[in-house]
Amino acid sequence: MRKLTMSLLGVMSSCLAILPATAQQADSNLQLPDAKPGECYAKVITPARFETRTEEVVVQEPSERIETQEAEYETVEEQITVKEASQDFDVTPTAFERETEVVETRAAEMLWRSGSGDSGQPANPDTVEQIARSGVDTDAVKPGDCFVEYYTEAQYRTESVRVLIKEATQSIEIVPAVYETVDERVVIKEASSEVVDVPAVYRTVSESVLVEPARSVWQNDCGLIEQVDNATGEVMCLVEVPARYETLTKTVLDKPASTKTINIPAEYQTVKVEKLVSPAREERVDVPAEYTTVDRQVKVSDPTFFWLAKDEQADANAIATGREICLDERPAESVDVVREIVSSEAVATPREVPAQIESIAVQRLLTPASERRIQIPARTKTVSSQVEIAPAKVEWVQVLCQVNMTRDIITRLQEALKREGYDPGPIDGFVGQGTLRAMEAYQAAEGINAGGGITLELLKHLNVES
């Protein structure tokens, strides 16, 4: 038993180990993690994890097959209605009777008019207010009552007033200017200058001008002198043609055209001139204002206007303006309207019209066309595939090793297993068969990966600190 325990501890203290993916992870990089004294880590390759997935794949969609059967007929004689029976109507028209109704076209109303009778014009509302201000209760006035306007003249007094009829002013007397006659030399034409054109001067010059330069030309009329054997008869000679000149007479500018300025002296004339000795002047004389005395009427009071009932006597100093207004009652207006009232409604009396029937050959359906649909189910195939759910990786994981797997930890492990109801055998700090069976039973019950023996996950589940 001790040999088995030492062998197990030797495996767990190995420098490199391949542990399952459930071992506690320390770091995802490949450098050693920061660890506390007593902790051990191993670089492990966690293989990729796969799961098998089963899928039903449709290899042929469901469909159906249709079988058809034609309809069957028999020919029979049949009475056919070519025109259905119907109804026609005899119509008795609507009968009316007349009645007369009086319709009011304008309601009766009370109206103030200027003057009496329908010929009077509507009175101004301001006039009705003036009557009310004269002490008349216009709301109590009855139709046919009339009112007359009176006034009392304005009052004046006579005053004497001194009135200006001509304002004060000044009269002006003119003293004429005084002149003396003298002889004076007057410029009748001012001095000036005149620009005169001086024409250009030319001279005639004769000059020999080259018309055609000297040149050499080939000629075929040379006047052959030497006899040449086997000559073709064609002889060309290069002849010098001398230059040709012509005498050209041309006019050359000797002196260009120009201008010259000629001064023209001023012209004078002696005339008689009247020189001012003293200018004309004015002399002002005051003219006093003129007044007259007039009598004028000064208003003491304005005219007073008031209204009295037509049958009421006015004061002796009251004067009638001639304006009169009356309250008239305009009767309602109406028209006679003749309307037609239905005495009896129009009536339609039905009259039967028989149907029209003919005999014809008819194909009567014995058996209708039909179809039979045959369902063809879909065909499927079960396909299993491995799907990667976690990739493979290399990492450092914390493991138990000989440094931290002491007899004290094994003792506390045995005590924890016993406390959980799993008998480890003697609690002696050694991993025996009883301890191994108890660990396997607890790991299976808790769903913990066995990991080949004691693991950090097992110790954590049992709250045993390493």
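All values derive from a computational prediction rather than experimental measurement.

Peer 1: What is the right way to look at the overall build of the protein chain in this model?
Peer 2: A count of helices and strands for the protein chain gives 5 helices and 30 strands. The proportion of buried residues among the 466 residues of the protein chain is 16%. When contacts within the protein chain are restricted to residue pairs at least 6 apart in sequence, those whose partners lie at least 24 apart make up 85%. Counting every atom, the protein chain has about 34900 Å² of accessible surface; 50% of that belongs to carbon and sulfur.

Peer 1: Got a minute to help me understand the pattern of salt bridges in this structure?
Peer 2: Any two side chains of opposite charge can pair, given that their charged atoms come close. This structure, assessed with the given rule, holds 16 salt bridges. Glu101 is paired through a salt bridge with Arg339; the nearest N and O atoms lie 3.0 Å apart. With a gap of 238 residues between them, Glu101 in strand E7 (residues 95–106) and Arg339 in strand E25 (residues 333–344) connect regions that are remote in the sequence. Since its relative accessible area comes to 33%, Glu101 is described here as partly exposed. Salt bridges sharing partners connect three or more residues here, namely Glu99, Glu101 and Arg339.

Peer 1: What's the story with a nonpolar patch on the surface in this structure? I'm lost.
Peer 2: On the surface, Val57, Val59 and Val383 cluster together into a nonpolar patch covering about 200 Å² of accessible area. Looking at where Val383 falls in the secondary structure, it is placed in strand E29 (residues 379–390). Residue classification places Val383 among the partly exposed positions, given a relative accessible area of 36%.

Peer 1: Teacher, can you tell me more about the state of the cysteines here?
Peer 2: Structurally, a disulfide amounts to a covalent bond that connects the sulfur atoms of two cysteines. Evaluated as defined, the whole model comprises 1 disulfide. Each sulfur in the disulfide pair Cys146 and Cys326 lies 1.9 Å from the other. Handedness here is read from the sign of the S-S torsion; for Cys146 and Cys326, about 110 degrees, the answer is right-handed. Taken together, the positions of Cys146 in strand E10 (residues 146–152) and Cys326 in strand E24 (residues 319–330) put the pair 180 residues apart, joining distant regions of the chain. Considered together, Cys146 and Cys326 belong to a single accessibility category, that of buried residues.

What counts and how
Residues numbered from 1 in each chain as written. Predicted model: local features only at pLDDT ≥ 70, side-chain atom pairs only at ≥ 80, totals over all residues. Heavy atoms only, no water. Helix = DSSP H or I, 4+ residues; strand = E, 2+ residues; numbered from the N terminus. Buried < 20%, exposed > 50% of the residue type's maximum accessible area, 1.4 Å probe, protein only. Contact = heavy atoms within 4.5 Å. Areas by Shrake-Rupley, 256 points an atom, 1.4 Å probe, with all protein chains shown as cover. Salt bridge = Lys/Arg side-chain N within 4 Å of Asp/Glu carboxyl O. Patch = residues over 30% accessible without salt bridge, like charges linked within 9 Å, V, L, I, M, F, W, Y side chains within 5 Å. Disulfide = S-S within 2.5 Å.

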